[in-house]
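# Coordinates in review
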Amino acid sequence: MFEATAPFAFFDYFRVPYRIMQFLTPPGRHALRLAGTDGPLLTWPSAGGVLGRQVIDGIPIFAHHTAPSSSPFALPFDPGEVMWRYWSEHYQDRSAVRAALVRLYYLLRPAIPRPAQIRLRQAFTRVQEQATFPAFPVETALHDFHEWMFQLVATFAGRPVPWLGLWPGGHTWALVLTHDVETAAGLANIEVLRDIERAAGHRSSWNFVPLRYRTPDGVLTALRAEGCEIGVHGLRHDGRDLGSRRLLRRRLPTIRVYAERWQAAGFRAPATQRTWRWMPELGFAYDSSYHDTAPYEPRPGGSLSYLPYFIGSPGAPGDMVELPITLPMDHTLFAILQHQDATLWLDKATHLRDRSGLALILTHPDYATDPRVTDGYRQLLDKFHDDPTAWRPLPAEAAAWWQRRAVSTVTRSPAGWTIEGPASTEGTVHLCRPGTPALTNPQ
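This text gives an overview of the structure that appears in the document. Throughout, a residue's number is its position along its own chain's written sequence, starting from 1. The model is predicted, so local features are restricted to residues of pLDDT at least 70 and side-chain atom pairs to those at 80 or more, both for listing and for counting; the totals for chains, interfaces and linings are taken over all residues. Side-chain metrics rest on all non-hydrogen atoms present in the structure, leaving aside hydrogens and water.

Among all positions in helix α7 (residues 190–200), only Ile190, Leu193, Arg194, Ile196, Glu197 and Ala200 are buried. Taken end-on, α7 shows its buried residues confined to a sector of 155°, consistent with a single buried face. The criterion used for residue contact is that any of the two residues' heavy atoms lie within 4.5 Å. Helix numbering and strand numbering both begin at the N terminus, where a helix is a DSSP run of H or I of at least 4 residues and a strand a DSSP run of E of at least 2. Buried positions along α7 lie against β8 (173–181), α6 (184–188), β9 (205–208), α8 (217–225), β15 (358–363) and α12 (371–383). At the exit of α7 stands Gly201, carrying a positive phi of roughly 75°. Burial classification: accessible surface area is computed with a 1.4 Å probe over protein chains only, and a residue below 20% of its type maximum counts as buried, one above 50% as exposed, and the rest as partly exposed. Here the arc refers to the directions that run from the helix axis out to each C-beta atom.

Written as structure tokens, this is what we have:
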């Protein structure tokens, strides 16, 4: 449907059909146009600009900006850079002081009694809550940017714009259950959460720490027999796996041994410590260490994404899928913020459902002795038990779908728009029309 002089990351992400070819563009800009025409053009900068934050139609944009134009179709930023800076958290203050404080916290944490750790984090929330971006528990900036771009492109085209739906089998959102088993006590409590899932007919993923406690093979076999998935949760749960490149390379061979032994496709860093450029070195099909918004974690931030994405550099997405944690962690919600019920979980999951998102929850059997955790988890699964629009994959299945979707294309045939590639039998073609949100599900 479109022709562009360079890769257009927004189209690549949503699988809007276009082809790359060369045609005349304004100096210093890439451009796209309707296929088979000489224009008009929608353009964006090829390089340069001043890195900073601007607000466009109420949406914060973090990117290199060029001088604004009178044309609504001359973008002062590269949309791909905007998405990448959100996903990778490169919109944040990346000061050496903050990084040093995080390292100091994890260096001292083993010597601090657990009750004291919790009290310190509770006290620190008064500092963290002063940050206004990203908002908690819902930050809509990236989702709003996606909708803004869809409307811009649909208005530019003057006709419906086809794109490949986000979820397979006609589903409009996804609900994914994951667990981190932090200690031997958590290992002993697995059945507390599994009982709740069995009653609701759910499968889930269980991430274990290889060298902090012994994980019997029988536990893994029993989980797999029920259709569950096994993942790796760091090496020692000391928050240091990604603390330095040297330590990562020292620990990585052992991490890979356990990944192969456990047939693990996924990784989650303890305490969701993460370093964007090093994550692909772990060698897993997917990671799930980023939140969409997490101002109250020891490493605050968030990717702002309700959807999976690939970890890579601007214009060059890698092969590792990121499945962001989009519901607040149980420990944060109940132990740190002291919520007394699951209202926030239920409201956030409804918000994600209504916006075609991924509702990915992380709960810990270590904290399943707290009735707020178990009661809230049961309420969440019960609320959406009969929702036919929900896809309920394991994380590895969600990541594999995202990989298939990324190499599939929407093409025009005599019968209309169809899908070519590995998503052809599962995917759905959607049409974005001016004035109609592309990513909002009517309920």
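This is not the end of the story, as more comes after the structure.
One can describe the packing of helix α2 (residues 79–87) onto helix α5 (residues 141–157) by two numbers: an axis separation of 11 Å at closest approach and a directional angle of 165°. Of the possible angle classes, the one that applies to α2 and α5 is roughly antiparallel. The element α2 and its partner α5 pack so that their crossing is left-handed. In contact with Pro79, Val82, Met83, Tyr86 and Trp87 of α2, α5 contributes Ala141, Leu142, Phe145, His146 and Met149. Axes here mean lines fitted to C-alpha atoms, for a helix over just the part in contact, with angles spanning 0 to 180 degrees between N-to-C directions. In what follows, roughly perpendicular refers to angles from 65 to 115 degrees, roughly parallel to angles under 35, roughly antiparallel to angles over 145, and oblique to any angle outside these ranges. By convention, the crossing between two helices is left-handed when the near helix turns anticlockwise from the far helix through less than a right angle, and right-handed when the turn is clockwise.

Along its 12 residues, helix α13 (residues 395–406) runs 17 Å from first to last C-alpha, staying within 8% of the 16 Å computed at 1.5 Å per residue. Three or more residues of α13 are buried, namely Pro395, Ala398, Ala399, Trp401, Trp402 and Arg405. Buried residues of α13, seen end-on, are gathered within an arc of 160° and therefore sit on one face of the element. Under the convention used throughout, the expected extent of a helix is 1.5 Å for every residue step, that is, one less than its residue count.

So, about the nonpolar core. Residues belong to a common nonpolar core when they are buried Ala, Val, Leu, Ile, Met, Phe, Trp, Tyr or Cys residues joined through side-chain atoms within 4.5 Å. One finds Phe2, Phe14, Leu42, Phe145 and Phe208 to be the most contacted residues of the largest nonpolar core, which totals 126 residues. Top element by residues in this core is α5. It accounts for 11 residues.

Quick look at empty space enclosed by the protein now. Points on a 1 Å grid, built from protein atoms alone, make a cavity when a 1.4 Å probe fits but cannot get out and make a pocket when they are open with protein on both sides within 12 Å along at least 5 of 7 lines; residues with an atom within 4 Å of a point are the lining residues. Grid points are joined across faces, edges and corners, and a volume is the space filled by probe spheres set on the points. The final tally for this structure, using the stated rule, is three cavities of 30 Å³ or more. In this structure, the largest cavity encloses a volume near 80 Å³. Lining the largest cavity are 16 residues, and of these Phe136, His291, Thr293, Ala294 and Pro328 lie nearest its centre. Looking at the lining of the largest cavity, its residues break down into nine nonpolar, four polar and three charged. Amino acid classes used here: Ala, Val, Leu, Ile, Met, Phe, Trp, Tyr, Cys and Pro are nonpolar; Asp, Glu, Lys and Arg are charged; the rest, including Gly, are polar.

Attention shifts here to the environment of Glu3. Mapped onto the elements, Glu3 comes out in strand β1 (residues 2–4). A residue is classified by how much of its surface remains accessible, and Glu3, at 2% relative accessible area, is buried. When the C-alpha positions of Glu3 and Met21 are compared, they lie 6.5 Å apart, and in sequence the two are 18 residues distant. Here Glu3 is in contact with Arg19, Met21, Phe23, Ala31, Leu32, Arg33, Leu34, Ala35, Gly36 and Thr37, once residues within four sequence places are set aside.

Once that is clear, we can look at the side chain of Arg299. Position of Arg299 relative to the elements: it lies in the loop between β12 (286–287) and β13 (309–310). Judged by relative accessible area, which is 18%, Arg299 ranks as buried. From its side chain, Arg299 meets the backbone oxygen of Arg274 in a polar contact 2.6 Å long. With near-sequence residues (within four places) excluded, Arg299 lies in contact with Glu89, Gln273, Arg274 and Ala294. Polar contacts, as used here, are pairs of N or O atoms within 3.5 Å; protein pairs need one atom able to donate a hydrogen and one able to accept it. Residues neighboring in sequence count only if both atoms are side-chain atoms.

Counting through the fold element by element, Ala423 comes out in the loop between β18 (416–420) and β19 (429–432). Here Ala423 falls in the buried class, since its relative accessible area comes to 0%. C-alpha separation for the pair Ala423 and Ala406, spaced 17 residues apart in sequence, amounts to 8.7 Å. Those residues within four positions of Ala423 in sequence are excluded, and the remaining contacts are Leu164, Trp401, Arg404, Arg405 and Ser408.

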